[in-house]
Amino acid sequence: MKKNNKNTTQASLLNKIESREAVIGVIGLGYVGLPLAIHFGHQGFKVIGFDVDKRKIDMLYQGKSYIKHIKMEPVSTKIKEGKLEATVDFSRLGEADCILICVPTPLTDKMEPDLSYVLDTTNSIAGSLRAGQIIVLESTTYPGTTEEMLLPRLEINGMTVGEEFFLAYSPEREDPGNRNYDAANIPKVVGGVTPACLEIASSLYNCITQSVPVSCTRVAEMTKILENTFRSVNIALVNELKVLGHKMGIDVFEVINAAATKPFGYTPFYPGPGLGGHCIPIDPFYLSWKAKEYDFSTRFIQLAGEINVSMPYYVIDRTIEALNQYEKSLKGSKILVLGVAYKKDIDDERESPGYTIMKMLLEKGAIVSYNDPWIPELKQTRKYNFEKKSVPITPELLQGMDAVVIVTDHSAYDYAEIVRHSNLIIDTRNATDKVDGTDGKVFFA
Ligand SMILES: NC(=O)c1ccc[n+]([C@@H]2O[C@H](COP(=O)([O-])OP(=O)(O)OC[C@H]3O[C@@H](n4cnc5c(N)ncnc54)[C@H](O)[C@@H]3O)[C@@H](O)[C@H]2O)c1
């Protein structure tokens, strides 16, 4: 009897997925969830997006974007066709056959995993869980989260995983602003709690891209952290070499570009003012935290974290050094920060080193303004409250500054003009490398 029930539930959900009759629920319509909802919509599924932020839901219905690089036209079209809905009403979770969790996973002030968003969401799902639903966690987290934290909460209503409902983990690999790769061509690693969970989750993601099945949820969870730790460690390596390069009079960007001509065994990473974004500065510490349970110290992660966190301090030291050469002190100097987004050509300023740099400049008595074509004003965050608006770049503005600090190398900047009109530039991205007239004026940091 039980076997029969299992087969029917599983087969029926697979059928619905393959025929595109399954309703997809995406929880958390941010940088990850919104593009994912759009991609499932493109593949013919009806999608319901859930978010606690009513302002975002209203903006979607008004055809307004709250994430600049995501075009609103496909969203508006899908809404008009009735293929996409967005709501704050979580009592509708039961309407979805496949529920994808894309909520934030930040760190607490003590650098410990903050799973409160994931757990709140799981509790909401548990309240209306029904037979024939698959839940997939996409938020980045430490190995063990799906089975240790989600599964017990979902099982409280007495249903059996792998038979009546299904649970999987599939890390999100979205790279906002990347024009070559998006949800349609980035393979999805998938781990299921049971073989049936894996089969259903793989078949779901095969509808939008190629799925990569792995043996369990812990492997899928660890895969994501490996990818981001790999980036963090390699960025720390080139950041350290950059600092050494300045002491030795060697341009580390030239070194990296030369090394990158090796056709095998080397992947170029580039130094910068420190790490930013919701992923690289945070995710490795989810693993460090979990490793403590096994009396294990993740030394690469700690060291990379230390080096990357020290980079904004290095930028400040270089700024002081550069001003010194012009017989100026940082205190009282007018400094223009160019770019506060954590990387070029996106509007995401979370964990941006630009914020740390601005904070330190202000603490040291500098008079700070900023420009970022992607971020017109700086809103209050958990850590910062600058209350500043982006100032337009003009020759007069640049000439009136004691120094310009290039934090983010947005493509929209005319670096030749910036060099021409500025008195002094601290360039953390090598953005002025190809520009004439930098001698004595541009300090690389
Ligand atoms: N941004 C990226 O590039 C990226 C890439 C890969 C993985 N990730 C991971 O994906 C997850 C989501 O990241 P993001 O960048 O999309 O975050 P985000 O902040 O852009 O979006 C999260 C959304 O979830 C909503 N939300 C918060 N609590 C909620 C709740 N209880 N119920 C419903 N909605 C809720 C927020 O209002 C927000 O709209 C994180 O775990 C992150 O580490 C992000």
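Residues numbered from 1 in each chain as written. Predicted model: local features only at pLDDT ≥ 70, side-chain atom pairs only at ≥ 80, totals over all residues. Heavy atoms only, no water.

## Some details on unusual backbone geometry
No. 1: A positive phi angle is found at E387, which is not glycine, with a value near 50°.
No. 2: Here E387 is to be found in the loop between strand 10 (367-371) and helix 13 (395-399).
No. 3: Positive phi values are uncommon outside glycine, yet N430 reaches one of about 65°.
No. 4: Tracing the backbone through its elements, the reader meets N430 in the loop between strand 12 (425-427) and strand 13 (442-444). (Helix = DSSP H or I, 4+ residues; strand = E, 2+ residues; numbered from the N terminus.)

## Regarding the domain arrangement of the protein chain
No. 1: When the domains of the protein chain are assigned, the result is domain 1 (2-220) and domain 2 (247-444).
No. 2: Distance from the C-alpha centre of domain 1 to the C-alpha centre of domain 2: 35 Å.
No. 3: Contacts between domain 1 and domain 2 engage 23 residues on the former and 20 residues on the latter.
No. 4: Taken together, the two surfaces of domain 1 and domain 2 that pack against each other cover about 1,800 Å², and 56% of this comes from carbon and sulfur.
No. 5: A per-residue breakdown of the area domain 1 buries against domain 2 is headed by Y31, K68 and L107, which together make up 31% of the total.
No. 6: For the interface between domain 1 and domain 2, the tally reads two salt bridges.
No. 7: Between D175 and K343 there is a salt bridge; the shortest N-O distance is 2.4 Å.
No. 8: Across the contact surface, domain 1 and domain 2 share nine residue pairs in polar contact (both at pLDDT 80 or more).
No. 9: When the residues that make up the side of domain 1 that touches domain 2 are grouped by side-chain class, the tally is twelve nonpolar, five polar and six charged. (Domains from an automatic or database assignment. Contact = heavy atoms within 4.5 Å. Buried area = accessible area lost by both parts, 1.4 Å probe. Salt bridge = Lys/Arg side-chain N within 4 Å of Asp/Glu carboxyl O. Polar contact = N/O pair within 3.5 Å; in protein donor to acceptor, adjacent residues only side chain to side chain. Nonpolar A, V, L, I, M, F, W, Y, C, P; charged D, E, K, R; others polar.)

## Describing the sheet that holds strand 9 (residues 334-338)
The strands making up a sheet associate through backbone hydrogen bonding, with each pair oriented either parallel or antiparallel.
No. 1: Read across the sheet, five strands follow the order 10-9-11-12-13 without closing on themselves; strand pairing throughout is parallel. Only two strands of the sheet have a single neighbouring strand rather than two, namely strand 10 and strand 13. Taking the axes of each pair of neighbouring strands and ignoring which way they run, one obtains an average angle of 20° across the sheet.
No. 2: Judged from the five bridges that link them, strand 9 and strand 10 form a sheet pairing that is parallel. In the strand pairing of strand 10, K334 is matched with I367.
No. 3: Here helix 12 (residues 353-363) sits on the sheet in contact with strand 9 and strand 10, set at roughly 155° to strand 10. (Pairing = 2+ DSSP bridges. Axes fitted to C-alpha atoms, helices over the stretch in contact; angles between N-to-C directions.)

## Some thoughts on empty space enclosed by the protein
No. 1: Applying the stated rule across the entire model yields two cavities of 30 Å³ or more.
No. 2: Of the residues contributing to the lining of the largest cavity, the split by class is five nonpolar, no polar and four charged.
No. 3: Computed from the structure, the second largest cavity encloses a volume of approximately 30 Å³.
No. 4: In this structure, the second largest cavity is lined by L29, L34, A37, G49, L60, L84, E85 and A86.
No. 5: Of all the secondary-structure elements, those providing two or more residues to the lining of the second largest cavity are helix 2 (33-42) and strand 3 (84-87).
No. 6: Broken down by class, the residue content of the lining of the second largest cavity amounts to six nonpolar, one polar and one charged. (1 Å grid on protein atoms, 1.4 Å probe; cavity = no way out; pocket = protein on both sides within 12 Å on 5 of 7 lines; lining within 4 Å. Points joined across faces, edges and corners; volume = space filled by probe spheres on them.)

## With respect to the site of the ligand
No. 1: Contacts to the ligand come from 26 residues, most closely from V32, D51, K56, T105 and R350.
No. 2: Between the ligand and the protein, one listed contact pairs an oxygen atom with a backbone N or O atom of V32 at 2.9 Å.
No. 3: Here a nitrogen atom of the ligand and a side-chain polar atom of T121 are 3.5 Å apart.
No. 4: Partitioned by chemical class, the residues of the shell around the ligand number twelve nonpolar, seven polar and seven charged.
No. 5: Split by domain, the residues of the shell around the ligand number at least three in each of domain 1 (2-220) and domain 2 (247-444). (Near = heavy atom within 4 Å.)

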